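Each chain is listed here by its residues.
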Amino acid sequence: MLRCDELTERVTDYLEGQISLAARVEVYVHLHRCSDCRKYLGQIKETVRLLGQLAVPPSIANVGGLLARFRRTQLAGPSRPNGGTLRLVVAD
């Protein structure tokens, strides 16, 4: 069975339709059983939607900086609830 941390690694490919049918089914089954991951998926979808509304797209430098910060947080971050799942919260 797919774990939450595995789902977070696949979520982008899942949304872009870049995973196999078997992997897609695993994600679907996991989402059916896990409300936290359904919320996470909803947050990712909302983030994509909001980023698509930006008047000026983020520069490559900014994206690189964000990715570097995310990776540092993942490597050195404190223990997290829910098995280490990283949560992205989008506020109005």
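On a predicted model such as this, the values are computed, not experimentally measured, just so you know.

**Q** Just to check I follow, could you spell out the overall build of the protein for this structure?
**A** When helices and strands are tallied, the protein shows 5 helices and 0 strands. Overall, the protein shows an N-to-C arrangement of helices and strands of α-α-α-α-α. A buried classification covers 18% of the 92 residues belonging to the protein. Taking all contacts inside the protein whose residues are at least 6 apart in sequence as the whole, residues at least 24 apart take part in 60%. Accessible area for the protein stands at about 7000 Å²; split by element, carbon and sulfur atoms hold 58% of it.

**Q** Whenever I open this one, a nonpolar patch on the surface confuses me. Can you help?
**A** On the surface, Leu 21, Val 25, Tyr 28 and Val 29 cluster together to form a nonpolar patch covering roughly 410 Å² of accessible area. Relative to the helices and strands, Tyr 28 resides in helix H2 (residues 21–33). Its relative accessible area of 54% is what places Tyr 28 among the exposed residues.

**Q** How do you make sense of the packing of helix H1 (residues 4–15) against H2 when you look at a structure like this?
**A** Geometry of a packed helix pair, given as the angle between the helix axes and the separation of the axes. At a closest axis distance of 10 Å, the pairing of H1 and H2 adopts a crossing angle of 125°. In this view, H1 runs oblique relative to H2, as classed from their interaxial angle. Regarding H1 and H2, the two cross each other, and that crossing is left-handed. Taken together, the residues of H2 that come into contact with H1 (itself represented by Cys 4, Leu 7, Arg 10 and Tyr 14) are Ala 23, Arg 24, Glu 26, Val 27, His 30 and Leu 31. Among the residues forming the contact of H1 with H2, the class breakdown is 6 nonpolar, 1 polar and 3 charged.

**Q** Mind showing me how you'd approach the confidence of the model for the protein here?
**A** Do not read the predicted coordinates in detail wherever pLDDT is low. Averaged over every residue, the pLDDT of the protein is 79; the share at 70 or more is 73%. Across the protein, the secondary-structure element scoring lowest on mean pLDDT is helix H5 (residues 81–84), at 48, and the one scoring highest is H2, at 95. A low-confidence stretch, residues 79–83 stays under pLDDT 50, and its non-local contacts, those more than four residues away or across chains, total 6 contacts.

**Q** Which parts of the structure should I look at to understand helix H3 (residues 35–52)?
**A** Each full turn of the α-helix corresponds to 3.6 residues, which orients residues three or four apart in the same direction. Taking 1.5 Å of rise per residue, the 18 residues of H3 would be expected to cover 26 Å, and the 26 Å separating its terminal C-alpha atoms lies within 8% of that figure. Among the residues making up H3, those that are buried are Cys 37, Tyr 40, Leu 41, Gln 43, Ile 44 and Thr 47. Projection of H3 onto a plane perpendicular to its axis shows the buried side chains occupying an angular sector of 160°, all on one side. In H3, the exposed positions angled more than 90 degrees off the buried face are occupied by Lys 39 and Gly 52. Against the buried residues of H3 lie H1 and H2.

About the thresholds
Residues numbered from 1 in each chain as written. Predicted model: local features only at pLDDT ≥ 70, side-chain atom pairs only at ≥ 80, totals over all residues. Heavy atoms only, no water. Helix = DSSP H or I, 4+ residues; strand = E, 2+ residues; numbered from the N terminus. Buried < 20%, exposed > 50% of the residue type's maximum accessible area, 1.4 Å probe, protein only. Contact = heavy atoms within 4.5 Å. Areas by Shrake-Rupley, 256 points an atom, 1.4 Å probe, with all protein chains shown as cover. Patch = residues over 30% accessible without salt bridge, like charges linked within 9 Å, V, L, I, M, F, W, Y side chains within 5 Å. Salt bridge = Lys/Arg side-chain N within 4 Å of Asp/Glu carboxyl O. Axes fitted to C-alpha atoms, helices over the stretch in contact; angles between N-to-C directions. Parallel < 35°, antiparallel > 145°, perpendicular 65-115°, else oblique. Left-handed = near helix turned anticlockwise from the far one by under 90°. Nonpolar A, V, L, I, M, F, W, Y, C, P; charged D, E, K, R; others polar. pLDDT = per-residue confidence, 0-100. Expected span 1.5 Å × (residues − 1). Arc of directions from axis to C-beta.

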